[in-house]
Amino acid sequence: MALFTCLATLLACVSARLAIEGRVERQPIFRRLRGGSEADAQGLRGGAEADAPPPPRVMFVCRANSCRSQMAHGLFNKLTDGSSGASCGFRASELNPHAVAVMAEIGIDISEHTSNAIAEYDPSAFDAIICVCGCAAEVPGEWKVGHFEDWSLDDPPELDPGDRSVYRRVRDELKERIEALAKRLHVAGC
């Protein structure tokens, strides 16, 4: 519990610093990122929930939010036992049916995901931003604060010979990278 309180204090200091710099509106970071209350952040809830910080919110960004970012979103949520991942693109498009199929092969259903544009989200709501298509140069500056990575993975629709082999390879590469990311972000159980 002391560690959680210490982390909450650190996050509050970071939030205050960002507010001073004019990057975010001043409010407790636990409320802005998690929708939680001050009592939650101070560990005043009872039980085991008070001891474990909420999982980090991670946004996976791609150009069209149809394939790579959708697979990353589904993998992150499955691997971290939570729904703390999200995905978006520079423009919204259609969910790629081949991506849905190769994710279903490993027991992850992304068929209900929707394709969303980056403009629909507030970057301050996320702890980490991960570009999956080498598109870091196109990401608006306000999205490049905090934990930011650019993975530059191959584009399955562009390269696949028709047997979904490239989709599977990229899915498996995403899984490896997301497992490593979860460890870097100190996600419980990873």
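Residues numbered from 1 in each chain as written. Predicted model: local features only at pLDDT ≥ 70, side-chain atom pairs only at ≥ 80, totals over all residues. Heavy atoms only, no water.

**Quick look at the packing of helix α4 (residues 68–79) against helix α5 (residues 97–104)**
Phase 1 of the analysis: One can describe the packing of α4 onto α5 by two numbers: an axis separation of 10 Å at closest approach and a directional angle of 25°. It follows that α4 is roughly parallel to α5 by the angle criterion. The way α4 lies across α5 gives a crossing that is right-handed. Within the contact between the two elements, α4 uses Met71, Gly74 and Leu75 and α5 uses Ala99, Val102 and Met103.
Phase 2 of the analysis: Split by residue class, the contact of α4 with α5 holds 5 nonpolar, 1 polar and no charged. (Axes fitted to C-alpha atoms, helices over the stretch in contact; angles between N-to-C directions. Helix = DSSP H or I, 4+ residues; strand = E, 2+ residues; numbered from the N terminus. Parallel < 35°, antiparallel > 145°, perpendicular 65-115°, else oblique. Left-handed = near helix turned anticlockwise from the far one by under 90°. Contact = heavy atoms within 4.5 Å. Nonpolar A, V, L, I, M, F, W, Y, C, P; charged D, E, K, R; others polar.)

**Quick look at α5**
Phase 1 of the analysis: What α5 keeps buried is the set Ala99, Val100, Val102 and Met103.
Phase 2 of the analysis: Buried residues belonging to α5 abut α4 and α7 (165–184).
Phase 3 of the analysis: Its side-chain oxygen placed 2.7 Å from the backbone nitrogen of His98, Asn96 serves as the N-cap of α5. (Buried < 20%, exposed > 50% of the residue type's maximum accessible area, 1.4 Å probe, protein only. Polar contact = N/O pair within 3.5 Å; in protein donor to acceptor, adjacent residues only side chain to side chain.)

**Some remarks on the nonpolar core**
Phase 1 of the analysis: With 41 residues, the main nonpolar core has Phe60, Val132, Trp151 and Leu174 as its most contacted residues.
Phase 2 of the analysis: For this core, the elements supplying multiple residues, two or more each, are β1 (58–62), α4, β2 (85–89), α5, β3 (128–131) and α7.
Phase 3 of the analysis: If you tally residues by element for this core, the top one is α7, at 7 residues.
Phase 4 of the analysis: Ignoring any residue separated from it by four or fewer positions in sequence, one finds Trp151 in contact with Phe60, Ile130, Cys131, Val132, Leu174, Arg177, Ile178 and Leu181. (Core = buried A, V, L, I, M, F, W, Y, C linked by side-chain atoms within 4.5 Å.)

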